[in-house]
Amino acid sequence: MTSDLRAAPMLSTPAEYTFTEDPTSTSAFAVAQAQRPRRPDHELYQVYEVPRTAAEIQRNDWRRIALQFPDDMLPDAPWVVDALSTELQGLVESSYKSGEEESSPQKQGQGHEQEQKYRLYILADTSYSACCVDEIAAEHANADVLVHYGRACLSPTSRLPVVHIFTRQTLDYDAIAGAFEREFPDKTVKVAVMADVMFQEHVVPLCELLRDREFSNVVATEIVRDPSGSIPNRRLVSPNTLTVDHVDYNLNEYHLFHVSTPPTSLLLTLDSRLASLRIYPTPSSSSSTVPTLPDPSATPSILRRRYALVIQLATASIIGILVNTLSVKNYMSTISTLKNQIATAGKKSYTIVVGKLNAAKLANFAEVDGWVVVGCWESGMVEQEGLWKPVVTPFELGLALQSEESRVWTGEWWAGIEGVKSQSAGDMGAEIEDDEAAQPSVEEVEGGVDDEESEPPEFDLRTGKLISHSRPMRVAIRSIPRSADELNGTTLGSDQNAASSAVVMRATGGVALVNGVASPGAEFLRSQRTWQGLSTDYDEEESAVVEEGRSGIARGYTVGLDQTRT
């Protein structure tokens with residue numbers, strides 16, 4: 001008699017060979033997850049703000065809810081779904097119990113039917129950056145609302161309503177105040193206190209504690225949905241709330257004390273806007289998996305490396321527009337503006353969508369000399385580690401497209417698409433110019449000498465090499481010498497005209513044409529691509545008679561025509 005099975009049997013790997021630990025858990029993120037303390041249910045209930053989320057969903061009558069978690073919060077996602085479902089069910093039951101005397105049994109049955117209509121979906125893998133709202137994944141679930149957990153870039157969206165749950169984190173005020181006193185011994189110094197969105201609720205109480213310790217010029221910040229502000233998504237709050245709208249702060253006079261590890265893009269953005277930046281790291285910060293704490297004093301060197309990318313992109317002939325978001329508002333108009341800017345500079349652009357970026361994906365486009373990222377103000381900056389070609393922001397592209405005489409960098413920097421100047425609505429005549437700019441500028445010149453050939457040569461400032469095709473779209477079609485009758489406007493006969501243009505020599509250094517339009521990508525494929533498809537080595541082998549091979553099923557194949565089974 002076989003014993004009853006209490007669990008599914010192990011049919012593959014024997015127990016003695018079962019992995020005791022994950023052999024791939026070597027990354028910093030995996031180590032951080034292993035060391036992450038397990039929180040009790042009542043603490044998670046407050047961290048993820050379950051009551052507020054359920055009340056917001058019921059108040060707006062949303063039925064299909066998408067829950068977006070960053071990677072470090074995914075282990076808590078199943079618990080959040082269960083807790084949120086229980087809270088929603090309790091709200092529905094309490095709402096019908098409150099009107100129990102007036103409601104009929106039929107309406108009560110409808111209430112139990114409605115409580116089953118809440119559908120919760122976990123968006124485990126975001127399409128792009130975790131800080132951005134993934135509207136594309138939410139639309140796959142036909143969601144009515146998206147609940148975004150964790151830190152966020154707060155970029156405006158266009159499709160779905162969004163509920164931001166920054167999560168509630170705890171801080172040791174005395175420890176932070178002690179670190180603040182060590183950073184600023186002078187108690188009259190002007191300091192603005194800022195924190196990551198996950199710790200924003202602690203900023204005002206912390207500033208009050210610092211004022212009690214005789215720091216008189218401490219100013220708090222509050223969240224505003226304005227990524228292009230002087231401080232992205234923040235504004236300074238006066239201690240006197242009655243005059244908050246009338247205080248004009250000079251940020252250059254203020255130092256910034258930031259609670260939690262900020263992204264690198266924020267460091268570069270604020271470097272030229274404030275006197276200095278000090279960081280107080282927090283162990284529960286979403287950026288705590290970074291192996292080393294970013295040094296604010298290193299931002300000038302980072303900016304110098306970014307400027308080196310600008311110089312490298314200035315001589316690029318083909319620029320790829322890398323779409324790193326499909327949710328940020330006005331990203332389509334930004335792509336159109338970048339296309340017009342690149343075409344006006346005489347360069348060629350290609351728009352590429354590859355999802356999450358990595359070096360292998362970008363290396364597939366060997367003909368592209370550089371990339372510009374269209375994304376939020378945080379994900380717009382892409383680290384160059386392992387990348388073959390430079391990847392810059394729209395702000396840096398604007399500098400790269402300028403001439404050497406007019407290119408002046410004051411130290412300001414921005415990563416988002418908010419700084420891209422779109423075409424004004426009143427300039428209707430510019431549409432025709434943009435269409436013409438997208439086409440190669442053709443100049444019919446006598447003898448094949450044009451204005452571009454008379455321009456001074458262009459060199460790469462990094463390598464000193466001559467650049468021959470930095471503006472490939474400014475191509476002159478070098479016509480053959482025309483007769484005096486043609487120059488005087490005399491019309492030639494059809495036979496004579498056809499004979500004179502029957503054979504035209506291809507200009508040296510010209511660019512390949514596709515449907516009459518210059519295509520640097522086709523020129524790269526024609527001149528530099530070495531792989532031309534499958535080789536023809538088989539032409540040298542002798543031909544052989546084709547014979548019928550095995551056929552049939554696995555239990556008995558038939559070989560050839562003799563019906564022999566194997």
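Residues numbered from 1 in each chain as written. Predicted model: local features only at pLDDT ≥ 70, side-chain atom pairs only at ≥ 80, totals over all residues. Heavy atoms only, no water.

Undergrad: Help me understand the pattern of salt bridges, please; the structure alone is not making it clear to me.
TA: Between side chains of opposite charge, pairing is possible as soon as their charged atoms come close. The full count for this structure, using the stated rule, is 14 salt bridges. Measuring nitrogen to oxygen at the nearest pair gives 2.7 Å for the salt bridge that ties Glu49 to Arg52. Here Glu49 falls in the buried class, since its relative accessible area comes to 17%. A salt bridge links Glu253 to Lys190; its shortest N-O distance comes to 2.9 Å. One end of the pair, Glu253, is in the loop between β7 (234–237) and β8 (255–259); the other, Lys190, is in the loop between α7 (173–183) and β5 (191–195), and 63 residues separate them in sequence. Overall, the relative accessible area of 42% leaves Glu253 in the partly exposed class. Take Lys190: its relative accessible area is 30%, and that puts it in the partly exposed class. Each of Glu135, Glu139 and Arg159 takes part in a single network of salt bridges with overlapping partners. (Salt bridge = Lys/Arg side-chain N within 4 Å of Asp/Glu carboxyl O. Buried < 20%, exposed > 50% of the residue type's maximum accessible area, 1.4 Å probe, protein only. Helix = DSSP H or I, 4+ residues; strand = E, 2+ residues; numbered from the N terminus.)

Undergrad: Is there a simple way to explain empty space enclosed by the protein in this structure?
TA: Rolled over the atoms, a probe with the dimensions of a water molecule shows which regions are left empty. Scanning all chains against the criterion turns up four cavities of 30 Å³ or more. Estimated volume of the largest cavity: approximately 90 Å³. Taken together, 14 residues form the lining of the largest cavity, with Arg151, Met194, Arg234, Trp377 and Glu378 sitting closest to its centre. Across the lining of the largest cavity, the residue classes tally to eight nonpolar, two polar and four charged. Space inside the second largest cavity adds up to approximately 70 Å³. Lining of the second largest cavity is provided by 13 residues; of these, Tyr128, Cys132, Val133, Asp134 and Ser327 occupy positions nearest its centre. Broken down by class, the residue content of the lining of the second largest cavity amounts to five nonpolar, seven polar and one charged. (1 Å grid on protein atoms, 1.4 Å probe; cavity = no way out; pocket = protein on both sides within 12 Å on 5 of 7 lines; lining within 4 Å. Points joined across faces, edges and corners; volume = space filled by probe spheres on them. Nonpolar A, V, L, I, M, F, W, Y, C, P; charged D, E, K, R; others polar.)

Undergrad: Explain the environment of Glu404 here, please?
TA: Along the chain, the position of Glu404 falls in the loop between α13 (394–400) and α14 (430–438). A C-alpha to C-alpha distance of 9.5 Å links Glu404 and Ile311, two positions 93 residues apart in sequence.

Undergrad: Got a minute to help me understand the sheet that holds strand β12 (residues 370–374) in this structure?
TA: Strand pairing in a sheet is mediated by backbone hydrogen bonds. Such pairs are either parallel or antiparallel. On the basis of which strands lie adjacent, the open sheet formed by four strands has the order β11-β10-β12-β13 and parallel pairing. In this open sheet, the two strands that pair with only one neighbour each are β11 (348–352) and β13 (391–392). Where β12 lies against β13, two bridges are found, and the strand directions are parallel. Bridge pairing in β13 places Val372 opposite Val392. Where helix α11 (residues 331–344) meets the sheet, its contacts fall on β10 (318–323), β11 and β12, and the angle it forms with β10 comes to roughly 175 degrees. (Pairing = 2+ DSSP bridges. Contact = heavy atoms within 4.5 Å. Axes fitted to C-alpha atoms, helices over the stretch in contact; angles between N-to-C directions.)

Undergrad: I tried to follow the packing of aromatic side chains on my own but got confused; where do I start?
TA: Where two aromatic rings form a pair, the distance of their centres and the angle of their planes describe that pair. A complete count under the given rule lists ten aromatic pairs for this structure. Here the aromatic rings of Phe180 and Phe257 are separated by 5.1 Å at their centres, their planes lie at 75 degrees, and the arrangement is edge-to-face. With Phe180 in helix α7 and Phe257 in strand β8, this pair connects stretches of sequence that are 77 residues apart. Across this residue pair, the class does not change: Phe180 and Phe257 are buried. A ring pair is formed by Tyr307 and Trp409, whose centres lie 5.2 Å apart and whose planes are at 40 degrees; its orientation type is tilted. Taken together, the positions of Tyr307 in helix α10 (residues 299–314) and Trp409 in the loop between α13 and α14 put the pair 102 residues apart, joining distant regions of the chain. By relative accessible area, which is 28% here, Tyr307 ends up partly exposed. Among the aromatic residues, those joined into a ring-pair cluster are Phe180, Phe184, Phe215 and Phe257. The ring of Phe215 carries Lys187 above its face, with NZ or CZ at 5.6 Å from the centroid. (Phe/Tyr/Trp six-rings, centres within 6.5 Å; stacked < 30°, edge-to-face > 60°. Lys NZ or Arg CZ within 6 Å of the ring centre and 35° of its normal.)

Undergrad: Even after reading the chapter, I still don't get the pairing of strand β18 (residues 550–553), so can you show me in this structure?
TA: Side chains on a regular strand alternate between the two faces of the sheet. Direction of pairing for β18 relative to strand β19 (residues 556–559): antiparallel, over a ladder of four bridges. Its bridge partner lying in β19, Arg550 is registered against Val559.

Undergrad: Looking at this structure, I do not really get helix α17 (residues 520–527). What am I missing?
TA: Quick reminder: α-helices carry 3.6 residues per turn. Residues three or four places apart thus point the same way. Among all positions of α17, only Pro520, Gly521, Glu523 and Phe524 are buried. Seen from one end, α17 has its buried residues packed into an arc of 160 degrees, which puts them on one side. (Arc of directions from axis to C-beta.)

Undergrad: Help me understand the confidence of the model for the protein, please; the structure alone is not making it clear to me.
TA: Any segment with low pLDDT has predicted coordinates that should not be analysed in fine detail. In this model, the protein carries a mean pLDDT of 76, and residues with pLDDT of at least 70 account for 67%. Across residues 17–29, confidence stays below pLDDT 50; counting only partners more than four residues off in sequence or on other chains, it has seven contacts. Counting interchain partners and residues more than four positions distant, the pLDDT-below-50 stretch residues 422–449 has 37 contacts. (pLDDT = per-residue confidence, 0-100.)

Undergrad: Help me out: how do you make sense of the packing of α7 against helix α8 (residues 203–212) in this one?
TA: Two packed helices can be described by the angle between their axes and the distance between those axes. Look at α7 against α8: their axes get within 10 Å of each other, and the N-to-C directions meet at 55 degrees. It follows that α7 is oblique to α8 by the angle criterion. Crossing handedness for the pair α7 and α8: right-handed. Facing Tyr173, Asp174, Ile176, Ala177 and Phe180 of α7, the residues of α8 in contact are Pro205, Leu206, Leu209 and Leu210. Each residue belonging to the contact of α7 with α8 can be placed in one class, and the counts come to eight nonpolar, no polar and one charged. (Parallel < 35°, antiparallel > 145°, perpendicular 65-115°, else oblique. Left-handed = near helix turned anticlockwise from the far one by under 90°.)

Undergrad: Where do I start with the side chain of Thr53 in this structure?
TA: Following the sequence through the fold, Thr53 ends up in helix α3 (residues 50–60). You can call Thr53 buried: its relative accessible area is 1%. Not counting residues up to four positions away in its chain, the partners in contact with Thr53 are Tyr48, Leu84, Val147, Tyr149 and Ile165.

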